[in-house]
Amino acid sequence: MKPLAILFLTLFNSILGLSVLFPILGPLGRELGLSEVQVGLFSTGYALMQFLLSPYWGRRSEQGRKPVLLVGILGFAASFYLFALFAWLGYQKILGEGWLFACLISARLLGGAFSSATLPTAQAYLADITPKEARTQNFAVLGAAFGLGVIFGPAIGAALAHLGLLVPVVFSASLALLNALFVWRVLPESRRKEQLEPSPLLSWRDPRVWPLLVMGLSLNLASIAMEQTVAFLYQDRLGLSPAQTAQAVGLALVVFGLVGVGAQGFWVRWVRWPPRALLGLGLPLLLLGYLGLAIAPSFPLLTASLVLLGLGTMALPGLSAAQSLAVSDQEQGAVAGLASAAQALGRMLGPVVGTGLYGLSPAYPYVFSAFLVALALVFLISRPQLARLQTSAATGPGR
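Residues numbered from 1 in each chain as written. Predicted model: local features only at pLDDT ≥ 70, side-chain atom pairs only at ≥ 80, totals over all residues. Heavy atoms only, no water.

**Looking at the overall build of the chain**
Of regular secondary structure, the chain possesses 17 helices and zero strands. Its C-alpha atoms put the chain at 60 × 50 × 35 Å along the principal axes. Looking at the 399 residues of the chain, the share that counts as buried comes to 53%. Intrachain contacts of the chain at a sequence separation of at least 6 include 86% that bridge at least 24 residues. By element, 70% of the accessible surface of the chain is carried by carbon and sulfur atoms, the whole surface being about 16600 Å². (Helix = DSSP H or I, 4+ residues; strand = E, 2+ residues; numbered from the N terminus. Buried < 20%, exposed > 50% of the residue type's maximum accessible area, 1.4 Å probe, protein only. Contact = heavy atoms within 4.5 Å. Areas by Shrake-Rupley, 256 points an atom, 1.4 Å probe, with all protein chains shown as cover.)

**A word on the packing of helix 7 (residues 135-160) against helix 10 (residues 242-271)**
Helix-helix packing is characterised by the crossing angle of the two axes and by the distance between the axes. The N-to-C vectors of helix 7 and helix 10 enclose an angle of 160°; their axes lie 8 Å apart at closest approach. When the interaxial angle is binned, helix 7 and helix 10 end up roughly antiparallel. Note on packing geometry: the crossing formed by helix 7 with helix 10 is left-handed. Taken together, the residues of helix 10 that come into contact with helix 7 (itself represented by T136, Q137, N138, A140, V141, G143, A144, G147, L148 and I151) are G257, L258, V261, Q264, G265, V268 and R269. Within the contact of helix 7 with helix 10, the residues separate by chemical class into eight nonpolar, eight polar and one charged. (Axes fitted to C-alpha atoms, helices over the stretch in contact; angles between N-to-C directions. Parallel < 35°, antiparallel > 145°, perpendicular 65-115°, else oblique. Left-handed = near helix turned anticlockwise from the far one by under 90°. Nonpolar A, V, L, I, M, F, W, Y, C, P; charged D, E, K, R; others polar.)

**Quick word on the nonpolar core**
F42, F83 and L104 are the most contacted members of the largest nonpolar core, which totals 50 residues. Among the secondary structure elements, those contributing two or more residues to this core are helix 1 (3-19), helix 2 (25-31), helix 3 (36-60), helix 4 (65-91), helix 5 (97-115), helix 6 (118-129), helix 7 and helix 8 (167-186). In terms of residue count, helix 4 provides more of this core than any other element does, 11 residues in total. Apart from the residues within four sequence positions on either side, F42 is in contact with L25, L34, F83, F101, L104, I105 and R108. Of all hydrophobic cores here, the second largest spans 36 residues; its members include M215, L302, V373 and A376. (Core = buried A, V, L, I, M, F, W, Y, C linked by side-chain atoms within 4.5 Å.)

**Digging into a nonpolar patch on the surface**
On the surface, L74, Y81, V170 and L177 cluster together to form a nonpolar patch covering roughly 300 Å² of accessible area. Of all elements in the fold, only helix 4 and helix 8 reach the threshold of two or more residues within the nonpolar patch. The residue V170 is located in helix 8 in this model. (Patch = residues over 30% accessible without salt bridge, like charges linked within 9 Å, V, L, I, M, F, W, Y side chains within 5 Å. Salt bridge = Lys/Arg side-chain N within 4 Å of Asp/Glu carboxyl O.)

**With respect to helix 9 (residues 210-238)**
With 29 residues, helix 9 should cover 42 Å at 1.5 Å per step; its first-to-last C-alpha distance of 41 Å lies within 8% of that length. Its axis deflected by about 45° at T229, helix 9 carries its strongest bend there. Count one or two residues on from helix 9 and you reach G239, which has phi positive near 65°. (Expected span 1.5 Å × (residues − 1). Bend = angle between axes of the 7 residues up to and from the residue.)

**Points about the environment of P275**
Among the secondary structure elements, P275 is positioned in helix 11 (residues 275-295). Taking relative accessible area as the criterion, P275 reaches 0% and is therefore assigned buried. Along the primary structure P275 and R135 are separated by 140 residues, whereas in three dimensions their C-alpha atoms are 9.3 Å apart.

**Description of the packing of helix 10 against helix 12 (residues 299-312)**
Two elements in contact, helix 10 and helix 12, have axes whose closest approach is 7 Å; the angle formed by their N-to-C orientations is 25°. In terms of their interaxial angle, helix 10 and helix 12 are classed as roughly parallel. For the pair helix 10 and helix 12, the crossing hand works out as right-handed. Where helix 10 abuts helix 12, its residues A248, L251, A252, L253, V255, F256, V259, G260 and A263 lie against F299, T303, L306, V307, L309, G310 and L311. Of the residues belonging to the contact of helix 10 with helix 12, the class tally is 13 nonpolar, three polar and no charged.

**Here we look at the side chain of S218**
By the secondary structure assignment, S218 is in helix 9. A residue is classified by how much of its surface remains accessible, and S218, at 4% relative accessible area, is buried. Polar side-chain contacts of S218 include one of 2.9 Å to the backbone oxygen of V214. For S218, the residues in contact, after removing those within four places along its chain, are L372 and L375. (Polar contact = N/O pair within 3.5 Å; in protein donor to acceptor, adjacent residues only side chain to side chain.)

**Focus: the side chain of T313**
Here T313 is to be found in the loop between helix 12 and helix 13 (315-325). If we ignore the near neighbours within four places in the chain, the residues touching T313 are G260, A263, Q264 and L286.

**Examining the pattern of salt bridges**
Scanning all chains against the criterion turns up four salt bridges. The shortest N-O distance in the salt bridge between D206 and R208 comes to 2.9 Å. We classify R208 as partly exposed; its relative accessible area is 30%. In this structure, R208 engages E331 in a salt bridge whose closest nitrogen and oxygen atoms are separated by 3.0 Å.

**Some details on helix 3**
In a regular helix each residue adds 1.5 Å, so 25 residues correspond to 36 Å; helix 3 covers 36 Å between its end C-alpha atoms and thus fits that length. By the largest-angle criterion, L53 marks the main kink of helix 3, which is about 45°, and a proline, P55, follows within four residues. Of all the residues in helix 3, the buried ones are Q38, V39, F42, G45, Y46, A47, M49, Q50, S54, P55, W57 and G58. The inward-facing, buried residues of helix 3 abut helix 1, helix 2, helix 4, helix 5, helix 6 and helix 14 (332-360).

This is the structure we're talking about:
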């Protein structure tokens, strides 16, 4: 099996294991007597640790990608087993509410700390094994793996929840153990022995990367703000009952996810465009999609706006490739770590910003997201180093 295929399965399994929990964290928290704010802190704390530690793991992976990838996956598994154990102790009334929340949030912080090693290391690994002219297309494979994991994970979590709310948690941890075994046995190390050295310290303020990091933060914050509020939007704008809302939003988000996987996994690899071209088409599609959500009055038009957003995700592999191409071979782990931290910051801020704006007006989160995409477009047009990416991806020398 080729390393790219192995990496695809590794990332797919990691995202699948994480997204299995999406449908059950809320109900599980209520059964354990936790408040909605406490349950929300599980996700916020997880993203906070990813924001803080992704740059470290990215740099650390320059001394060997495979060991760091294994540490990330095994740490993820350990944190989920601990989460299941503490939740079970809560069910048994062995842990009181205060201790229960402290233990559960500690498990989530541990999970965020270790799982932050996975994505930047996978991106740096991909840069190691891919010639510069093919990097955009191969980053699209990782995007497709991420999208498929998010599509199938919640469905598996919902199905397993019928056996008990802790079953999906144990399933996620066990899947991570199998994933680690798979990586250990099958994935080769991508760094040659003479390359195993610490990465140069890459600053957020480095002029080669900071515009790209701002773009990554903007796009991720826009997406999370939308995802956190779109169910409210469908219910309020269409006058649906809770059951009807679940069905309508579930269908719309599946369509959104499948279109996104198609855009990244097939379209990007077929057209073989350089990063600037993908950003130049993807960002306007995202802008139109968010503006459509702000004004669309019906289910077909709301869902058509989500389709535009799905198509616009072709910008994401373009951005990942642009970040990789902006730095030297010795800085791939460092730039991947910074990019992952920027994404994690978007995941931290997105729920608060999105729901806060929605409370002021249902259109505001999507107008805000459109503004963020417009900001990314301004960077794309105005920064000369981004303009040079038009040719660097197409004509840059192979590795």
